[in-house]
Amino acid sequence: FEAKRLRQDVAVFNPSAEAARALHLSLLSDLATAIQQDQLRQFLQPKRCLKTGRITGAEALVRWQHPQRGWLPPGDFVPFAERSGRIRQITDWMLARAVRTLAAWEVEGREPMSIAVNISTLDIQDQTLPARLAALLAEYRVDPGQLQLEVTETGLMSSGTDPIAVLNALKAWGVKLAIDDFGTGQSSLAYLQHLPVDELKIDRSFVQDVNADPRRQALLKSIVGVGQGLGLTVTAEGVENQAELDCIAACGCDLIQGYLLAKPMDLPDFQTWLGRTG
Ligand code: C2E
Ligand code: MG
Ligand code: MG
Ligand code: MG
């Protein structure tokens, strides 16, 4: 397991394992100050409803504007943050940002949209998350139904504690829950029926080139069918071109997200984009 982790790390930073380890150590100490020094950024990527054409919400994705290394994607630091126990600070920062934006949109009289925040396996194991979330929602007086939490299928399955209990505690506050990267984990479709979730996000690996392979299309269509049969909203992740979109629409997907619609943007760009898109 440790060897696998190391390989993943080296794959990110390349040169040698030694240099990679040194880089990780310095990144870790930098991460401690990143939040205090306001170096994290929240990007938003929109989701569109295929039936109505409306933008129903956005997913919040973290970026780190590192003073020396430039823009870092989450893959470069979220795994370290998880291992070093700092993921909770990132999660809290992302949640606060999202809730603040939702509150601002309400004041501005915008049409209600949801914002989805990614939470990690460690957050699910953290019994204080529901209370932290409740405090935040109360502070900003935001409709909890506009906030969504995304947990990966893999994260859920590998969480030591009973994930269903924590998900139920979060649901009790009225927030929406989504299963992220669905189809990449080891869980069975049957497990889905026990999860108190609202949305199923089908991983990009099922979406990519779906138009070019009838078997892939059959798979996508059946996942959509099962998800909708369980009363869930089904979203296709990572839609990049029109051919994929046509196929996804034919499969009956509810929502799409991906570069075809828009890349993740900072808040000002997202709002400009919304204004242009309608
Ligand atoms: P995810 O939650 O599945 O997010 C979707 C990822 O796919 C994002 O990468 C997004 O930029 C990318 N993407 C969106 N549309 C397309 C497309 O059409 N084509 C392709 N090739 N990619 C697309 P990003 O921002 O690098 O995030 C990667 C992962 O990092 C996320 O996957 C999520 O698991 C994690 N992550 C991001 N932000 C956070 C956070 O605040 N907290 C935690 N715990 N994890 C986060
Ligand atoms: Mg996500
Ligand atoms: Mg995903
Ligand atoms: Mg992913």
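Residues numbered from 1 in each chain as written. Chains lettered and ligands numbered in written order. Predicted model: local features only at pLDDT ≥ 70, side-chain atom pairs only at ≥ 80, totals over all residues. Heavy atoms only, no water.

## Observations regarding the overall build of the protein
Then, in step 1: Helix and strand content of the protein: 13 helices and nine strands.
Then, in step 2: Its C-alpha atoms give the protein a radius of gyration of 19 Å, near enough to 19 Å, the size a compact globule of 278 residues would have.
Then, in step 3: Counting only C-alpha atoms, the protein reaches 50 × 45 × 40 Å along its principal axes.
Then, in step 4: Across the 278 residues of the protein, 45% fall into the buried class.
Then, in step 5: Considering only residue pairs separated by 6 or more positions, the protein has 67% of its internal contacts joining residues 24 or more positions apart.
Then, in step 6: Of the roughly 13300 Å² of accessible surface on the protein, a fraction of 53% belongs to carbon and sulfur atoms.
Then, in step 7: Mean positive and mean negative side-chain charge positions of the protein (28 and 33 charges, respectively) differ by 1 Å. (Helix = DSSP H or I, 4+ residues; strand = E, 2+ residues; numbered from the N terminus. Rg over C-alpha atoms; globule rule 2.2 N^0.38 Å. Buried < 20%, exposed > 50% of the residue type's maximum accessible area, 1.4 Å probe, protein only. Contact = heavy atoms within 4.5 Å. Areas by Shrake-Rupley, 256 points an atom, 1.4 Å probe, with all protein chains shown as cover. Lys, Arg positive; Asp, Glu negative; His and termini not counted. Charge placed at Lys NZ, Arg CZ, Asp CG, Glu CD.)

## Let's talk about the packing of aromatic side chains
Then, in step 1: One pass over the full model with this rule turns up four aromatic pairs.
Then, in step 2: Pairing tryptophan 64 with phenylalanine 77 gives two aromatic rings, centres 5.4 Å apart and planes at 80 degrees, and the pair type is edge-to-face. Of the two residues, tryptophan 64 sits in strand β2 (residues 55–66) while phenylalanine 77 sits in the loop between β3 (70–72) and α3 (78–83), which places them 13 residues apart along the sequence. The residues tryptophan 64 and phenylalanine 77 share a single accessibility class, namely buried.
Then, in step 3: Ring centres of tryptophan 105 and phenylalanine 270 lie 5.9 Å apart, and the angle between their planes is 25 degrees; on these two criteria the pair is classed as stacked. Pair noted here: tryptophan 105 is in helix α4 (residues 87–107) and phenylalanine 270 is in helix α13 (residues 267–277), with a separation of 165 residues, a long-range link.
Then, in step 4: A residue is classified by how much of its surface remains accessible, and phenylalanine 270, at 0% relative accessible area, is buried.
Then, in step 5: Members of the aromatic cluster, joined through ring pairs, are Trp105, Phe270 and Trp273.
Then, in step 6: Above the face of the tyrosine 259 ring, lysine 263 is positioned so that its terminal group lies 4.7 Å from the ring centre. (Phe/Tyr/Trp six-rings, centres within 6.5 Å; stacked < 30°, edge-to-face > 60°. Lys NZ or Arg CZ within 6 Å of the ring centre and 35° of its normal.)

## A closer look at the site of ligand 1
Then, in step 1: Residues in contact with ligand 1 amount to 22 residues; listed here are only the nearest, Glu59, Arg63, Asp180, Glu240 and Tyr259.
Then, in step 2: A distance of 2.9 Å separates an oxygen atom of ligand 1 from a polar atom in the side chain of asparagine 118.
Then, in step 3: Between a nitrogen atom of ligand 1 and a side-chain N or O atom of glutamate 240, the distance comes to 2.6 Å.
Then, in step 4: Look at ligand 1: alone it shows 810 Å² of surface, and the protein chains cover 80% of it.
Then, in step 5: Elements that contribute at least two residues to the shell around ligand 1 include exactly β2, α4 and β6 (176–182).
Then, in step 6: With four residues, β2 is the largest single contributor of residues to the shell around ligand 1.
Then, in step 7: Taken together, the residues that form the shell around ligand 1 break down as nine nonpolar, five polar and eight charged. (Near = heavy atom within 4 Å. Polar contact = N/O pair within 3.5 Å; in protein donor to acceptor, adjacent residues only side chain to side chain. Nonpolar A, V, L, I, M, F, W, Y, C, P; charged D, E, K, R; others polar.)

## Some thoughts on the environment of glutamine 217
Then, in step 1: You can see glutamine 217 is positioned in helix α11 (residues 214–229).
Then, in step 2: Glutamine 217 sits in the partly exposed class, given a relative accessible area of 29%.
Then, in step 3: When near neighbours in sequence (up to four residues on either side) are disregarded, glutamine 217 contacts Val210, Cys247 and Cys251.

## Structural notes on the layout of surface pockets
Then, in step 1: In this model, the second largest pocket occupies a volume close to 240 Å³.
Then, in step 2: Every residue lining the second largest pocket is counted, 13 residues in all, and those nearest its centre are Ser114, Gln148, Lys176, Glu199 and Thr233.
Then, in step 3: When its residues are assigned to classes, the lining of the second largest pocket shows two nonpolar, six polar and five charged. (1 Å grid on protein atoms, 1.4 Å probe; cavity = no way out; pocket = protein on both sides within 12 Å on 5 of 7 lines; lining within 4 Å. Points joined across faces, edges and corners; volume = space filled by probe spheres on them.)

## A closer look at α4
Then, in step 1: Between its first and last C-alpha, α4 extends 30 Å over 21 residues, near the 30 Å set by a 1.5 Å rise per residue.
Then, in step 2: Ile87, Ile90, Thr91, Trp93, Met94, Leu95, Ala98, Val99, Thr101, Leu102, Ala103 and Trp105 are the residues of α4 that are buried.
Then, in step 3: Positive phi appears at glycine 109, one or two residues downstream of α4, with a value of about 75 degrees. (Expected span 1.5 Å × (residues − 1).)

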